[in-house]
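Examination of the molecular architecture
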Amino acid sequence: IEERISGTLKRLVSGLHTLGYSFMGSILALMLLGILQLILFFTICRAVFGVVVFTSVWSYMVIFAYLLSVISISLFLSSILRTPSQLQAGAPVLALLMGFVGGCFWNFVEMPKSLKALSLLTPQGWTLEGINSLLVNLLAPGSAIKSIMVLFAVSLILLPLSYIIIKRHVAT
């Protein structure tokens, strides 16, 4: 939003594919920061509490897909909202709402089926579904793969859509 308001995006389109490079750079920077936060969290859990959070490659794949989907939602929000104030007011509310509906604030395993179905409207719900299925049966990653596919689908829809919206904003 700040780049759009300050005219940075208009200057970027003057170069060959520079808007796309900037968009990809934003995605990679957000992904790198998310991965660093995960590494820090996993390291603290292991060093301080002696807990290994995940032991399966599938669990890390679910978390990676979740991180990419959250980034795509963030970029989508920043592409449709007009002012930083709108983003600052809306993003925390959306994050809390999605976290609550997604099952982050209650026991996901014992959740009623109606609430579990509702939770699958959020990336958090799909992430918890995938990780919990791996905790139950590590040797059958089918549900985790399904979660990964849904989370990547969200990213494959929202990232190009965000780019198209940003490109249209710059053109006008």
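**Some thoughts on the overall build of the chain**
Within the chain, the secondary structure is distributed over eight helices and zero strands. Taking the principal axes of its C-alpha atoms as reference, the chain extends roughly 50 × 35 × 30 Å. For the chain, the proportion of its 172 residues judged to be buried stands at 35%. Long-range contacts, defined here as pairs at least 24 residues apart, represent 65% of the contacts in the chain between residues at least 6 apart. Taken as a whole, the chain presents about 10500 Å² of accessible surface, with 73% of it coming from carbon and sulfur. Across the chain, the centroid of the 10 positively charged side chains sits 10 Å from that of the 4 negatively charged ones.

**A closer look at the nonpolar core**
Ranked by size, the top nonpolar core spans 12 residues in total: Leu 9, Leu 19, Phe 23, Ile 27, Met 31, Leu 67, Leu 68, Ile 71, Leu 75, Leu 159, Ile 166 and Val 170. With sequence-adjacent residues up to four places away left out, Met 31 is seen in contact with Phe 64, Leu 67, Leu 68 and Ile 71. Phe 42, Phe 54, Ile 131 and Leu 134 belong to the second-largest nonpolar core, a separate cluster that totals 11 residues.

**As for the pattern of salt bridges**
Within the structure shown, the criterion is met by one salt bridge. Lys 116 is the partner of Glu 129 in a salt bridge, and the nearest nitrogen-oxygen pair spans 3.9 Å. Highlighted residues: Glu 129 in helix α7 (residues 123-136) and Lys 116 in helix α6 (residues 113-119), separated in sequence by 13 residues. What makes Lys 116 partly exposed here is its relative accessible area of 26%.

**Examining the packing of helix α3 (residues 18-49) against helix α4 (residues 57-80)**
Viewed as axis vectors pointing N to C, α3 and α4 meet at an angle of 135°, and their least axial separation amounts to 10 Å. Here α3 is positioned oblique relative to α4, judged by the angle of their axes. Regarding α3 and α4, the two cross each other, and that crossing is right-handed. Every residue of α4 that contacts α3 at Phe 23, Ile 27, Leu 30, Met 31, Gly 34, Ile 35, Leu 38 and Phe 42 is listed here: Tyr 60, Ile 63, Phe 64, Leu 67, Leu 68, Ile 71 and Leu 75.

**Observations concerning the packing of helix α5 (residues 84-102) against α7**
For the pair α5 and α7, the least separation of the axes is 7 Å and the interaxial angle reads 35°. Handedness of the α5/α7 crossing: right-handed. Residues Met 98, Gly 99 and Gly 102 of α5 form the contact with α7, whose participating residues are Pro 123, Gln 124, Gly 125 and Leu 128. Residues belonging to the contact of α5 with α7 are distributed by class as follows: three nonpolar, four polar and no charged.

**A look at the packing of aromatic side chains**
Inspection of every chain in the model, using the stated rule, returns seven aromatic pairs. Between Phe 54 and Tyr 60 the ring centres are 5.7 Å apart and the planes differ by 85°, which places this aromatic pair in the edge-to-face class. When the ring of Phe 100 is compared with that of Phe 105, the centres are 6.2 Å apart and the planes differ by 35°; the resulting orientation is tilted. The partly exposed category is assigned to Phe 100, whose relative accessible area is 44%. Three or more aromatic residues joined by ring pairs make a cluster, and in this case those are Phe 41, Phe 42, Phe 54 and Tyr 60.

**A look at α4**
In this model, α4 (24 residues) spans 35 Å end to end at C-alpha, consistent with the 34 Å of a helix rising 1.5 Å per residue. N-capping of α4 is provided by Ser 56, with a side-chain oxygen placed 3.0 Å from the backbone N of Trp 58.

Procedures and definitions
Residues numbered from 1 in each chain as written. Predicted model: local features only at pLDDT ≥ 70, side-chain atom pairs only at ≥ 80, totals over all residues. Heavy atoms only, no water. Helix = DSSP H or I, 4+ residues; strand = E, 2+ residues; numbered from the N terminus. Buried < 20%, exposed > 50% of the residue type's maximum accessible area, 1.4 Å probe, protein only. Contact = heavy atoms within 4.5 Å. Areas by Shrake-Rupley, 256 points an atom, 1.4 Å probe, with all protein chains shown as cover. Lys, Arg positive; Asp, Glu negative; His and termini not counted. Charge placed at Lys NZ, Arg CZ, Asp CG, Glu CD. Core = buried A, V, L, I, M, F, W, Y, C linked by side-chain atoms within 4.5 Å. Salt bridge = Lys/Arg side-chain N within 4 Å of Asp/Glu carboxyl O. Axes fitted to C-alpha atoms, helices over the stretch in contact; angles between N-to-C directions. Parallel < 35°, antiparallel > 145°, perpendicular 65-115°, else oblique. Left-handed = near helix turned anticlockwise from the far one by under 90°. Nonpolar A, V, L, I, M, F, W, Y, C, P; charged D, E, K, R; others polar. Phe/Tyr/Trp six-rings, centres within 6.5 Å; stacked < 30°, edge-to-face > 60°. Expected span 1.5 Å × (residues − 1). Polar contact = N/O pair within 3.5 Å; in protein donor to acceptor, adjacent residues only side chain to side chain.

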